[in-house]
Amino acid sequence: MTGSICGTGSYIPHYAMDNNAVADLVETSDEWIRERTGVIRRHIITEETTTSMAAEAGRRALEDAGLPAEEIDLILVATISSDALLPCTACEVQKTLGAVNATCFDLGGAACTGFVLAYNTAEAYLASGVYKTALIIGSESLSALTNWKDRGTCILFGDGAGAAVLKASEQRRYLPVTHSEGAKGEALVCKSRYDSNGLTKKCNECIPEEKYFIRMDGQAVFKFAVRKVPEVIEEVLEKNSLSKEDIDLYILHQANKRIVEAVAKRLGEPMEKFPVNVQEYGNTSSASIPILLDELNGAGKLKPGQKLLLAGFGAGLTWGASVLGTAET
């Protein structure tokens, strides 16, 4: 028993912010950002929220799958930018969609690896027979965590949500590969604003506001990604007795176009197998992989019986890869 993708959906905020608009905030230029990241624009929430985007992406995925919300057994939302600590985003999505029979919880903290870990979690439940149908979502409002005075990060991030419906099937199950290296976690951090209890630990008003935004050692993350992502792809292929020729598409986290190009080069695979949309959305963290999946689906590029390889890398540091199949006709 395994989980096969039978529907996808996404939601992108209406407001698009191009590189020239970013250049009005920090010392940079459209040319500089394009050359180093591949990003041309990113979409930023206005009236939208992490929850509303997640719910709409989920609704569209269910519509694409042709399933009523009542048939969903499990809802997982990967996010580091939830609207509230309680209730979780997944429960809010359940309420909005009317998925009354679903068990719901969020996965946070792994950031850009989040959707891969959510997929692995759902897959384990489906393979065990605990659940039959899962809705997995990545949704982020990174603009709320971005320091718009920090050129090293504000050029990168955007908002959005993507979702996929998985149904248990008798297709072959592929085992995932995931890793974590907490000793290098300082390369990508975001301090919680909830760091006092008012009793034994008082709020330190001397902490500058920028400490509560995403901070990243860009060079360290870049070097980590271009080394570890090809390694974990090779590892997951070997673990499942697959060759690179067996993979139809590599769906990588969309952090930086140069990273995707470097991974393709190290694997000796053509860029045609590595779709890229970072130019339109920037880095949307846990939402980037499902947004890309939905774009490919909408363009008719996801065919029945394909093998897709998902690879994410992000905070922790964490990274991983999973092979999954599209539903067979």
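So, a few notes on the structure that sits alongside this text. Everything numeric in this text was worked out from a predicted model, so none of it was measured.

**A short note on the side chain of E123**
So, point 1. Along the chain, E123 falls in helix α5 (residues 114–128).
So, point 2. Using a relative accessible area of 4% as the deciding quantity, one classes E123 as buried.
So, point 3. The contacts of E123, once residues within four sequence positions are left out, are T2, G3 and R173.

**Quick look at the packing of aromatic side chains**
So, point 1. Across all of its chains, the model carries 3 aromatic pairs by this definition.
So, point 2. Ring geometry for Y125 against Y131: centres 5.1 Å apart, planes inclined by 55°, an arrangement best described as tilted.
So, point 3. For Y125, a relative accessible area of 29% translates into the label partly exposed.
So, point 4. Judged by its relative accessible area of 16%, Y131 is buried.
So, point 5. With 5.4 Å between their ring centres and 80° between their planes, F224 and W319 make a pair best called edge-to-face. In this pair, F224 sits in helix α7 (residues 218–239) while W319 sits in strand β13 (residues 318–325), placing the two residues 95 residues apart along the sequence.
So, point 6. The class for F224 is buried, based on a relative accessible area of 5%.
So, point 7. A relative accessible area of 7% means that W319 is categorised as buried.
So, point 8. Over the ring of W32 we find R151, and its NZ or CZ is 4.4 Å from the ring centre.

**Digging into the state of the cysteines**
Covalently bonding the sulfur atom of one cysteine to the sulfur atom of another cysteine gives a disulfide.
So, point 1. Tallied over the entire structure, the rule returns 0 disulfides.
So, point 2. Summary of cysteine pairing: C91 is not part of a disulfide, and the nearest cysteine sulfur, belonging to C88, is at 3.5 Å.

**Details of the sheet that holds strand β4 (residues 74–78)**
So, point 1. Taken in spatial order, the 5 strands of this open sheet run β1-β7-β6-β4-β5, and their pairing is mixed. What marks the edges here is a single partner per strand, and that holds for β1 (2–11) and β5 (103–107). Between one strand axis and the next, the sheet turns through 20° on average, direction left out of account.
So, point 2. Where β4 lies against β5, 5 bridges are found, and the strand directions are parallel.

**Focus on helix α3 (residues 50–65)**
Since one α-helical turn is 3.6 residues long, residues separated by three or four positions face the same way.
So, point 1. Here α3 is 16 residues long and its end C-alpha atoms lie 22 Å apart, about the 22 Å a rise of 1.5 Å per residue gives.
So, point 2. Within the sequence span of α3, burial applies to T50, T51, M53, A54, A55, E56, A57, G58, A61 and L62.
So, point 3. Packing partners of the buried residues in α3 comprise β1, α4 (89–97), β6 (133–141) and β7 (159–169).
So, point 4. One or two residues past the end of α3 sits G66, with phi positive at roughly 70°.

**Notes on α7**
So, point 1. The terminal C-alpha atoms of α7 lie 31 Å apart, and with 22 residues this matches the ideal 32 Å at 1.5 Å per residue to within 8%.
So, point 2. Buried positions along α7 lie against β8 (177–180), β10 (215–216), β11 (249–252), α8 (257–267), β12 (307–314) and β13.
So, point 3. Count one or two residues on from α7 and you reach S241, which has phi positive near 55°.

**So, the pattern of salt bridges**
So, point 1. Taken as a whole, this structure holds 11 salt bridges when the rule is applied.
So, point 2. E181 is the partner of K184 in a salt bridge, and the nearest nitrogen-oxygen pair spans 3.8 Å.
So, point 3. Looking at E181, the relative accessible area reads 24%, which means it is partly exposed.
So, point 4. Among the salt bridges present, the one from E269 reaches K273, with a minimum N-O distance of 2.7 Å. Across the pair, exposure class does not vary: E269 and K273 are buried alike.
So, point 5. The network of salt bridges with common partners includes E56, R59, R60 and E63.

**A closer look at a nonpolar patch on the surface**
So, point 1. A surface patch of nonpolar side chains, about 450 Å² in accessible area, is lined by L85, L86 and Y194.
So, point 2. Summarising the element assignment, Y194 is placed in the loop between β9 (188–189) and β10.
So, point 3. According to the relative accessible area criterion, Y194 is exposed, its value standing at 65%.

**Considering the nonpolar core**
So, point 1. Counting 32 residues, the largest nonpolar core has I233, L252 and L309 as the members making the most contacts within it.
So, point 2. Those elements giving two or more residues to this core turn out to be α7, β11, α8, β12 and β13.
So, point 3. The dominant element in this core, judged by the number of residues it contributes, is α7, at 10 residues.
So, point 4. Contacts of L252, omitting those with residues within four sequence positions, involve V229, I233, V260, V263, F274, I289, L292 and A311.
So, point 5. By size, the runner-up hydrophobic cluster in this structure holds 24 residues, among which are Y11, A55, A61 and I137.

**Description of the sheet that holds β13**
So, point 1. Taken in spatial order, the 4 strands make up an open sheet running β8-β13-β12-β11, and their pairing is mixed. Both edges of this open sheet fall to β8 and β11, since each of them pairs with a single strand only. The average undirected angle you get between the axes of adjacent strands in this sheet is 15°.
So, point 2. When β8 meets β13, the two strands line up antiparallel, connected through 4 bridges. Counted as the bridge partner of T178 is G320 from β13.
So, point 3. Contacting β8, β12 and β13, α5 crosses the sheet at an angle of about 50° to β13.

Basis of the calculations
Residues numbered from 1 in each chain as written. Predicted model: local features only at pLDDT ≥ 70, side-chain atom pairs only at ≥ 80, totals over all residues. Heavy atoms only, no water. Helix = DSSP H or I, 4+ residues; strand = E, 2+ residues; numbered from the N terminus. Buried < 20%, exposed > 50% of the residue type's maximum accessible area, 1.4 Å probe, protein only. Contact = heavy atoms within 4.5 Å. Phe/Tyr/Trp six-rings, centres within 6.5 Å; stacked < 30°, edge-to-face > 60°. Lys NZ or Arg CZ within 6 Å of the ring centre and 35° of its normal. Disulfide = S-S within 2.5 Å. Pairing = 2+ DSSP bridges. Axes fitted to C-alpha atoms, helices over the stretch in contact; angles between N-to-C directions. Expected span 1.5 Å × (residues − 1). Salt bridge = Lys/Arg side-chain N within 4 Å of Asp/Glu carboxyl O. Patch = residues over 30% accessible without salt bridge, like charges linked within 9 Å, V, L, I, M, F, W, Y side chains within 5 Å. Areas by Shrake-Rupley, 256 points an atom, 1.4 Å probe, with all protein chains shown as cover. Core = buried A, V, L, I, M, F, W, Y, C linked by side-chain atoms within 4.5 Å.

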